[in-house]
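Okay, here's what each chain looks like letter by letter:
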Amino acid sequence: MTTAKPLRADARRNRDALLAKARELFAEGCFDLRFDDFARLAGVGTGTLYRHFPTREALAEAVYREELTAMCARARELRATLSATEALAAFLRGFVSHLDANQGLARTLATLMATRSGTLAEGGRELGQAIADLLAAGVEEGAIRDDVGVGAVMMALQGICMACDQPGSRADADGTVTLVLDGLRRRTS
């Protein structure tokens, strides 16, 4: 297996500019923009766009990977600074807030899901591991049940993602997180 050669500083800046502009445009719901326009709006040439991201889906995947990396880092940060139950609650509520604030990006990712499930499946495993770590910390702390797995939490998050653009979805998403957290709480007899 070969590793990718590190990017030159100017190439890294161009790639970062493309990702930042794509994230902004996707968040605004502009997935159907002419692909070459991403380069113009990011202030780079079309050759640079195609060199880094040969397709719109490749660009969307890169934005998704960055978002996911940030979410997983946030889960680790919360786990290191809060009690297990507080960390899990903060992570799930933060996930809902992020989704609500970035509905255009969520729709973009839904489009991506329809065409490139491999990347999303890989990302789902990373997110699942972050949630599994939060759950394990809660079980170890004695605050979270040990008979509910990460799959149930991921399924709830998937349902929230699928309904994020429906009227009233934010309140329902918050309610779903409350149900999940209550259902995970270990009961004392």
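Residues numbered from 1 in each chain as written. Predicted model: local features only at pLDDT ≥ 70, side-chain atom pairs only at ≥ 80, totals over all residues. Heavy atoms only, no water.

Chemist: So what about the overall build of the chain? Which residues, and what values?
Modeler: The helix and strand inventory of the chain stands at nine helices and zero strands. Mapped in sequence order, the helices and strands of the chain form the string α-α-α-α-α-α-α-α-α. Counting over 189 residues, the chain shows a buried share of 38%. Long-range pairs, those at least 24 residues apart, make up 69% of the contacts in the chain with a sequence separation of at least 6. Total accessible area on the chain stands at roughly 10,600 Å², and carbon and sulfur atoms take up 53% of it. (Helix = DSSP H or I, 4+ residues; strand = E, 2+ residues; numbered from the N terminus. Buried < 20%, exposed > 50% of the residue type's maximum accessible area, 1.4 Å probe, protein only. Contact = heavy atoms within 4.5 Å. Areas by Shrake-Rupley, 256 points an atom, 1.4 Å probe, with all protein chains shown as cover.)

Chemist: I'd love a proper account of the nonpolar core, names of residues and values included.
Modeler: Among the nonpolar cores identified, the biggest contains 30 residues, and Leu-88, Phe-91 and Leu-92 are the most heavily contacted of them. Looking at this core, the elements with two or more residues in it are α4 (56-81), α5 (84-101), α7 (117-141), α8 (150-162) and α9 (169-184). With eight residues, the top contributor of residues to this core is α5. In this structure, Phe-91 is in contact with Met-71, Ala-75, Leu-78, Leu-127, Ile-131 and Leu-134, ignoring residues within four places of it in sequence. (Core = buried A, V, L, I, M, F, W, Y, C linked by side-chain atoms within 4.5 Å.)

Chemist: Let's hear about the packing of aromatic side chains: which residues, and what values?
Modeler: Counted under the stated rule, the structure contains two aromatic pairs. With a centroid separation of 5.3 Å and 80 degrees between ring planes, the pair formed by Phe-35 and Tyr-50 is classed as edge-to-face. Taken together, the positions of Phe-35 in helix α2 (residues 35-42) and Tyr-50 in helix α3 (residues 46-52) put the pair 15 residues apart, joining distant regions of the chain. Judged by its relative accessible area of 36%, Tyr-50 is partly exposed. (Phe/Tyr/Trp six-rings, centres within 6.5 Å; stacked < 30°, edge-to-face > 60°.)

Chemist: Give a detailed account of the packing of α5 against α8, specifying residues and quantitative values.
Modeler: Contact pair α5 / α8: the axes reach a minimum separation of 11 Å and the direction vectors enclose 20 degrees. Between α5 and α8, the interaxial angle falls into the category roughly parallel. Read as a crossing pair, α5 and α8 show a hand that is right-handed. Contacts between α5 and α8 involve Leu-92, Phe-95, Val-96 and Leu-99 from the former and Val-153, Leu-157, Ile-160 and Cys-161 from the latter. (Axes fitted to C-alpha atoms, helices over the stretch in contact; angles between N-to-C directions. Parallel < 35°, antiparallel > 145°, perpendicular 65-115°, else oblique. Left-handed = near helix turned anticlockwise from the far one by under 90°.)

Chemist: So what about the pattern of salt bridges? Which residues, and what values?
Modeler: Per the counting criterion, the structure on display carries 15 salt bridges. Salt-bridge contacts for Asp-37 lead to Arg-40; the nearest nitrogen and oxygen are separated by 3.7 Å. Taken as a pair, Asp-37 and Arg-40 lie in helix α2 at a separation of three residues, close to a single helical turn. Classification of Asp-37 by relative accessible area gives buried; the value is 13%. By sharing partners, the salt bridges in this structure join Arg-34, Asp-36, Asp-37 and Arg-40 into a single network. (Salt bridge = Lys/Arg side-chain N within 4 Å of Asp/Glu carboxyl O.)

Chemist: Describe the environment of Ala-136, listing the residues and the values that go with them.
Modeler: Within the secondary structure, Ala-136 is located in helix α7. On the basis of relative accessible area, Ala-136 is assigned to the partly exposed category, the value being 45%.

Chemist: Which residues make up α2, and what values go with them?
Modeler: Of the residues making up α2, those classed as buried are Phe-35, Asp-37, Phe-38, Ala-39 and Ala-42. Against α1 (9-27), α3 and α4 lie the buried residues of α2. Where α2 ends, the next residue or the one after it, Gly-43, has phi of about 80 degrees, a positive value.

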